[in-house]
Amino acid sequence: QVQLVESGGGSVQPGGSLRLSCVVSLSGFSLYDMGWYRQALGKQRELVATINRGETTTYADSVKDRFTISRVNAKKTVYLQMNSLKPEDTALYYCNAKYFASPSRDYWGQGTQVSVSS
């Protein structure tokens, strides 16, 4: 059974930091492209950051220079370091794993809540 388990969410004040973790129970984890997505109340889910199997990263413009995605394949874990948090970052954050095979594979975690407010 495939599982992606996020942790590290919480409530912080503007300017604070959080580090999200996603532990993945997948064989061949190093071959998967990983990503973090978020969905704010009343909005569509959006891509936050990705890191592929070659550890190339991408970021949404809204989080660039504040967030950092990383992975440790030996631990089957993906991280999202979030600094200088803003109220606009408040959302449910989801971990995603993709593998472009036949058939393709696409897995999601349950989400972890991040709330940024005074």
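Details of the structure are given in the entry above.
If you're wondering where the values come from, they're calculated on a predicted model, not measured in any experiment. (Residues numbered from 1 in each chain as written. Predicted model: local features only at pLDDT ≥ 70, side-chain atom pairs only at ≥ 80, totals over all residues. Heavy atoms only, no water.)

Examining the overall build of the protein
Right, on to step 1. Assigned secondary structure in the protein consists of 0 helices and 11 strands.
Right, on to step 2. Its C-alpha atoms give the protein a radius of gyration of 14 Å, near enough to 13 Å, the size a compact globule of 118 residues would have.
Right, on to step 3. Considering only C-alpha atoms, the protein reaches an extent of 45 × 25 × 25 Å along its principal axes.
Right, on to step 4. For the protein, buried positions account for 38% of its 118 residues.
Right, on to step 5. Excluding contacts between residues fewer than 6 apart, the proportion of contacts in the protein whose partners are at least 24 apart in sequence is 55%.
Right, on to step 6. Accessible surface computed for the protein: about 6,500 Å², of which carbon and sulfur atoms make up 47%.
Right, on to step 7. Charge separation in the protein, taken as the distance between the mean sites of 13 positive and 9 negative side-chain charges, equals 5 Å. (Helix = DSSP H or I, 4+ residues; strand = E, 2+ residues; numbered from the N terminus. Rg over C-alpha atoms; globule rule 2.2 N^0.38 Å. Buried < 20%, exposed > 50% of the residue type's maximum accessible area, 1.4 Å probe, protein only. Contact = heavy atoms within 4.5 Å. Areas by Shrake-Rupley, 256 points an atom, 1.4 Å probe, with all protein chains shown as cover. Lys, Arg positive; Asp, Glu negative; His and termini not counted. Charge placed at Lys NZ, Arg CZ, Asp CG, Glu CD.)

Focus: the sheet that holds strand β8 (residues 77–82)
Right, on to step 1. Spatial strand order, β1-β3-β8-β7: 4 strands in an open sheet with antiparallel pairing. This sheet does not close on itself; its edge strands, each paired only once, are β1 (3–7) and β7 (67–72). Neighbour-to-neighbour, the strand axes of the sheet open up by a mean angle of 15°, direction not taken into account.
Right, on to step 2. Relative to strand β3 (residues 18–25), β1 is paired through 5 bridges, and the arrangement is antiparallel. Among the inter-strand pairings, S7 is bridged to a residue of β3, identified as S21. (Pairing = 2+ DSSP bridges. Axes fitted to C-alpha atoms, helices over the stretch in contact; angles between N-to-C directions.)

Regarding the environment of V116
Right, on to step 1. Within the fold, V116 resides in strand β11 (residues 112–116).
Right, on to step 2. For V116, a relative accessible area of 4% puts it in the buried group.
Right, on to step 3. V116 sits 36 residues away from L80 along the chain, and the two C-alpha atoms are 16 Å apart.

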